[in-house]
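Coordinates in review
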Amino acid sequence: SDVCSSDLSLRELVELMIDVNGSGAYELIPFPDEKKAIDIGSFYADYRAIQSTLGWEPRTSLREGLAQTFEFYRAHRSDYWTPGA
């Protein structure tokens with residue numbers, strides 16, 4: 001499994017999260033025109049700076065990291081949200 005091989009759109013991230021979770025759904029809703037002034041546009045995260053400075057390399061793929069995150073929150077759900085919320 002690749003650790004971090006390419007750009008990922010928000011839609012692709014959501015689809016990956018649903019796949020890793022085994023269920024879920026999303027709905028595309030157009031961004032309101034009146035909010036365009038506060039839209040940050042695209043966001044790109046890149047670890048090359050920390051890699052070149054500290055030699056850090058990711059060891060966990062996005063898929064595995066999401067799986068571990070979901071597992072953690074399921075195990076500790078009562079610490080983060082109330083039943084029925």
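Each chain has its residues counted from 1, running along the sequence as written. Restriction of local features to residues with pLDDT of at least 70 applies here, the model being predicted, together with a cutoff of 80 or more for giving and counting side-chain atom pairs; totals for whole chains, interfaces and linings are based on all residues. For the side-chain quantities, the full set of heavy atoms in the structure was used; hydrogens and water were omitted.

A run of DSSP states H or I qualifies as a helix once it reaches four residues; a run of E qualifies as a strand once it reaches two. Both are numbered from the N-terminal end. Checked against the element boundaries, Ile40 lands in the loop between helix 1 (10-21) and helix 2 (48-54). Here's how the labels work: a residue is buried when its accessible area is under 20% of the maximum for its type, exposed when over 50%, partly exposed in between, all with a 1.4 Å probe on protein chains only. Ile40 gets classed as exposed once you look at its relative accessible area, which sits at 70%. C-alpha separation for the pair Ile40 and Ser52, spaced 12 residues apart in sequence, amounts to 27 Å.

A contiguous nonpolar surface patch, about 400 Å² in accessible area, is contributed by Phe72, Tyr73, Tyr80 and Trp81. With respect to the helices and strands, Phe72 occurs in helix 3 (residues 62-75). Patch membership needs two things, relative accessible area over 30% and no salt bridge, and members are linked within 9 Å if like-charged or within 5 Å if nonpolar (Val, Leu, Ile, Met, Phe, Trp, Tyr). Residue-level accessible areas treat just the shown protein chains as cover; the underlying method is Shrake-Rupley with a 1.4 Å probe. Salt bridges are defined as contacts in which a side-chain nitrogen from Lys or Arg sits within 4 Å of a carboxyl oxygen from Asp or Glu.

Moving on to the packing of helix 1 against helix 3. Relative orientation of the contacting elements helix 1 and helix 3 amounts to 60°, with a least axis distance of 10 Å. The orientation of helix 1 relative to helix 3 falls into the category oblique. In the crossing of helix 1 with helix 3, the sense of the turn from one axis to the other is right-handed. Touching Leu13, Leu16, Met17, Asp19, Val20 and Asn21 of helix 1 are Leu62, Arg63, Leu66, Ala67, Phe70 and Arg74, all from helix 3. The angle between two axes is taken between their N-to-C directions and runs from 0 to 180 degrees, where each axis is a line fitted to C-alpha atoms and a helix contributes only its stretch in contact. Angle categories are assigned with fixed cut-offs, so that under 35 degrees is roughly parallel, over 145 is roughly antiparallel, 65 to 115 is roughly perpendicular, and the rest are oblique. Note: crossing handedness is left-handed where the near helix turns anticlockwise from the far helix by less than a right angle, and right-handed where it turns clockwise. Whether two residues touch is decided by their heavy atoms; if any such pair falls within 4.5 Å, the residues are in contact.

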